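# Understanding the architecture of this molecule
As a plain string of letters, each chain reads:
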Amino acid sequence: MAARFQGLIRSNGLAAGAAAVAAASTAKVTFLDEDDVVHPPHYPWRHLGYFSSFDHAALRRGFQVYREVCASCHSLHLIRFRELVGVTHTKEEVKQMAMEVDVLDGPNDEGEMFERPGKPYDILPSPYPNKEAGRAANGGAYPPDL
């Protein structure tokens, strides 16, 4: 720290070094324990206990809203079909949902890409083939990934 101040004094003169020392010595540090800091409220969430869980019916309704409303613009690139098993859907329902989607796969033995029915390890499909198509459909703004 002292080497920095000496370097400032040499390169920029004594006034710049004195200003840096004055600024560093008068900086106020805010601690989170102080009374003038606004703390977030504490809510008694039911899913935070050891034996608690999420409301699976509400999660299923939320996923249904996503599929019927939000999926027309937004994607879920980080979610795979298999991650819904036991949370919102059964294994058979997830397999059926995945099979409804055609996934681009390949290349095959001839070096060509092909489409196949989806499997539970595939990601949920994006509504647009690429970002440029998403921007073109939404007036230049690409809808964020949910």
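The present account deals with the structure reproduced in this document. Keep in mind the model is a prediction, meaning the values are calculated, not measured.

## What to know about the environment of A58
Of note, A58 is situated in helix α3 (residues 56-68). Of the residues examined, A58 reaches a relative accessible area of 31% and is grouped as partly exposed. Taking C-alpha positions, A58 is 8.7 Å from T88, a pair spaced 30 residues apart along the chain.

## Overview of the packing of aromatic side chains
One pass over the full model with this rule turns up 1 aromatic pair. Pairing F63 with Y66 gives two aromatic rings, centres 6.2 Å apart and planes at 35°, and the pair type is tilted. With a gap of 3 residues between them, F63 and Y66 both fall in helix α3, about one helical turn apart. A single burial state applies to F63 and to Y66, both of which are buried.

## Brief notes about a nonpolar patch on the surface
Nonpolar side chains collect at one region of the surface, where F54, L59 and V87 lie side by side and expose about 240 Å² of accessible area between them. By the secondary structure assignment, L59 is in helix α3.

## Some thoughts on the nonpolar core
One broad trend across soluble globular proteins is that nonpolar side chains are buried collectively. Counting residues in each nonpolar core, the largest one holds 11 residues, listed as F63, Y66, L76, F81, L84, V94, M97, A98, V101, V103 and L124. If you tally residues by element for this core, the top one is helix α4 (residues 91-99), at 3 residues. Leave out the neighbours within four places in its chain, and M97 touches F63, R67, F81, L84 and H89.

## A short note on the pattern of salt bridges
The tally for this structure, following the rule as stated, stands at 4 salt bridges. Note that E100 and R67 form a salt bridge whose closest N and O atoms lie 3.6 Å from each other. Residue E100 is found in the loop between α4 and β1 (102-105), and its partner R67 is found in helix α3; the two are separated by 33 residues along the sequence. We classify R67 as partly exposed; its relative accessible area is 42%. Through salt bridges that share partners, D105, R116 and D122 make up one connected network.

What counts, and at which threshold
Residues numbered from 1 in each chain as written. Predicted model: local features only at pLDDT ≥ 70, side-chain atom pairs only at ≥ 80, totals over all residues. Heavy atoms only, no water. Helix = DSSP H or I, 4+ residues; strand = E, 2+ residues; numbered from the N terminus. Buried < 20%, exposed > 50% of the residue type's maximum accessible area, 1.4 Å probe, protein only. Phe/Tyr/Trp six-rings, centres within 6.5 Å; stacked < 30°, edge-to-face > 60°. Patch = residues over 30% accessible without salt bridge, like charges linked within 9 Å, V, L, I, M, F, W, Y side chains within 5 Å. Areas by Shrake-Rupley, 256 points an atom, 1.4 Å probe, with all protein chains shown as cover. Salt bridge = Lys/Arg side-chain N within 4 Å of Asp/Glu carboxyl O. Core = buried A, V, L, I, M, F, W, Y, C linked by side-chain atoms within 4.5 Å. Contact = heavy atoms within 4.5 Å.

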